Amino acid sequence: MPAALDVNTLAQFVDPLPIPVIAQRHGLRPSPTDPKRSVPFYRIQARAIRSKVHRDLKPTGFWTFGPSPCGPTYETRSGEPLLVEWVNALPTEHFLPIDHSIHGAESDKPAVRTVVHLHGAKTAPDSDGYPEDWIVPGKSSLYYYPNEQDAAMLWYHDHALGINRLNVYAGLLGAFFIRDSVEDALNLPKNKYELPLILFDRLLTRDAQLLYPTSGDPQSPWVPEVFGNAILVNGKLFPYLDVEPRRYRLRVLNGSNARTYHLSFGNSNDVPFHQIGTDQGLLPAPVPLTTLEISPGERADLVVDFSEHRGAQLILKSDAFVVMQFRVSTAKVTDASSLPATLRPVPRIPESQAVQTRLLTLDEYVNKAGNSTLLLLNASHWNMPVTEKPVLGSTEIWTLINPTNDTHPIHLHLVRFQILDRQPYEPWLFQTKRQLHFIGPPQPPAPNEAGWKDTVRAYSRMVTRIIVPFTGFVGRYVWHCHILEHEDNEMMRPYEVIASG
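Residues numbered from 1 in each chain as written. Predicted model: local features only at pLDDT ≥ 70, side-chain atom pairs only at ≥ 80, totals over all residues. Heavy atoms only, no water.

Participant: So what's going on with the nonpolar core? Residues and values would help.
Facilitator: Core analysis: the largest hydrophobic core is formed by 90 residues, its most contacted members being Tyr74, Trp86, Ile410, Leu412, Trp479 and Tyr495. What Ile410 contacts, discounting residues up to four positions off in sequence, is Leu362, Leu377, Leu400, Phe417, Asp454, Thr455, Val456, Ala458, Trp479, His480 and Cys481. Within the second largest apolar cluster, 32 residues are counted, among which are Leu241, Val243, Val252 and Leu289. (Core = buried A, V, L, I, M, F, W, Y, C linked by side-chain atoms within 4.5 Å. Buried < 20%, exposed > 50% of the residue type's maximum accessible area, 1.4 Å probe, protein only. Contact = heavy atoms within 4.5 Å.)

Participant: Give me the environment of Ala450: which residues, what numbers.
Facilitator: Here Ala450 shows up in the loop between α3 (427–433) and β29 (455–458). Residues Ala450 and Leu420, 30 residues apart in the sequence, show an inter-C-alpha distance of 8.9 Å. Those residues in contact with Ala450, other than ones at most four positions away along the chain, are Leu283, Pro284, Val346 and Arg348. (Helix = DSSP H or I, 4+ residues; strand = E, 2+ residues; numbered from the N terminus.)

Participant: Residue-level account of the pairing of strand β24 (residues 356–366), with values.
Facilitator: In regular strands, side chains alternate between the two faces of the sheet. Bridge count for β24 against strand β26 (residues 395–402) is six bridges, and the pairing is parallel. By the bridge assignment, Thr357 is partnered in β26 with Ile397. Note that β24 and strand β25 (residues 372–377) share five bridges and pair antiparallel. Residue pairing for β25: Asp363 is matched across the bridge by Leu376. The antiparallel pairing of β24 with β25 creates a hairpin that spans five residues between the two strands, and Gly370 there sits at a positive phi of about 85°. (Pairing = 2+ DSSP bridges.)

Participant: Describe the sheet that holds β25, and please don't skip the residues or the numbers.
Facilitator: Read from one edge of the open sheet, five strands run β25-β24-β26-β30-β28, paired in mixed fashion. The open sheet terminates on both sides in strands that have one partner only, identified here as β25 and β28 (418–424). Strand-to-strand, the axes of this sheet are offset by a mean angle of 15°, without reference to chain direction. (Axes fitted to C-alpha atoms, helices over the stretch in contact; angles between N-to-C directions.)

Participant: Residues and numbers for the pattern of salt bridges, please.
Facilitator: According to the stated counting rule, one finds 34 salt bridges in the structure shown. Where Lys109 meets Asp108, a salt bridge forms, and the shortest distance between an N and an O atom there is 3.8 Å. Notably, a salt bridge pairs Asp335 with Arg246, separated by 3.1 Å at the nearest N-O pair. Placement of Asp335 in the loop between β23 (321–328) and β24 and of Arg246 in the loop between β15 (239–243) and β16 (247–254) is noted, with a sequence separation of 89 residues between them. Residue class for Arg246 comes out buried when judged on its relative accessible area of 6%. Salt bridges here are not isolated pairs; linked through shared partners, they connect Asp279, Glu293, Glu298, Arg299, Arg422, Glu449, Lys453, Asp454 and Arg457. (Salt bridge = Lys/Arg side-chain N within 4 Å of Asp/Glu carboxyl O.)

Participant: If you had to explain the packing of aromatic side chains to someone new, which residues and values would you point to?
Facilitator: The way to describe two aromatic rings as a pair is by their centre distance and the angle between their planes. Counted according to the given criterion, the structure contains 23 aromatic pairs. Taking the centre distance of 5.0 Å and the plane angle of 90° together, the rings of Tyr169 and Tyr212 count as edge-to-face. Separated by 43 residues along the polypeptide, Tyr169 in helix α1 (residues 164–170) and Tyr212 in the loop between β12 (210–211) and β13 (230–233) bring together distant segments of the chain. Pair check on accessibility: Tyr169 and Tyr212 agree, each one buried. (Phe/Tyr/Trp six-rings, centres within 6.5 Å; stacked < 30°, edge-to-face > 60°.)

Participant: Tell me about the pairing of β16, residues and numbers included.
Facilitator: Counting buried residues in β16 gives seven out of eight residues, a clear majority hidden from the surface. As defined by bridge partners, strand β11 (residues 194–204) adjoins β16 across six bridges and the pair is classed as parallel. Within β16, the residue paired with Leu199 across the bridge is Asn254. Of the strand pairs in this sheet, β16 and strand β21 (residues 299–305) are connected by seven bridges, and their pairing is antiparallel. Within the sheet, the bridge partner assigned to Leu250 lies in β21 and is Leu302.

What follows is the structure, given as structure tokens:
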């Protein structure tokens, strides 16, 4: 494997933060659910591009949905549906290392396949991006998004079975915003004062090309996680942003394959900020923070007030990593936005509402050398019969039991849910005798997790319980770990929402 570029040899804060373009509609089309109604139609191509991630580097090759490493941002409103034709205009050969020993990526499959999942969307199964619904270069899929859900930041990304980690690493991702009247009425920072921050880490070769690490075994190149030393924000390395001394709304997405970020401003964590929303929309009230933990697939809606930092240069960091710089001007400004004391009610779902509780294990298998070789959900492979069949309109508790040393961000398609609690337990007793022996009290979700979620961090040696209303549609969906290397090596399962009666 070629040596990775040491990004710390590069000058920092020489490139302005790019803002992804807004997706432009291509006219109107008849709605598939109501032919008398016309809905906005978009046509988005996945294609190969070259883009400079840093002033002093050569252009890097990406596969993207737009002109830059982040696809165009969708702006839509709750209750306003739209159609997207997702076009595969990629080359026919992959430029990253495919592991043909992984289920779904066998050598008899086309090397380049894509299917798009709108993460966090309540859609019918035929528009959800089922991992086996992939298309090859030259083909397209037409997906319908009803957008019948609260204001939130969703995101879209590739979901092709067996090579999803490679396609997302190549750059196939972008943001999708749903707005509504509740959000409008809050007078939050908007327009140029509301910015997406799409974070994803990469490794680069010394000539600035994407480097995806392998195990060293050509028959089985899969590695269990990928962590890069180049943290890109909206596709730039060490960018800066000129800001005014006022409130900004930052919409943060962790689009990394495996890295969890711990975001703070500066070394001393002396710049507080507020989280006002999570994956599926607004929290009940702003939550003051000095550090934000955000795992792959999660989103965080933040309000940062720069008014106390005129003339300062604030560094956004994650642990030891420098992410970007905010340059606060000294200008006198009028800030008409507000940070309301209350945001949106999030009624807690009583546990008594659940008609079923499922115990579901997160399993890792290692070889004699102690290296991970396979990950499963509930000890079940992808192609085994479906075992989770919730009834449409019912509510269930899913109890996620994690004996591994990893935190697994678990994502359920179609639905939103609430976190009930997490509790430490003794893994050995459960694995040998199926006894859940807790070794500490249950821990309620942190205040900034006490909203609607679609991705939950299932911590190591903990039991994480979520309560899930299954609303929307009947049909087959998936649930999986959002560490993409895990998801691609079997840590994903289909589930099926069935009609009542």
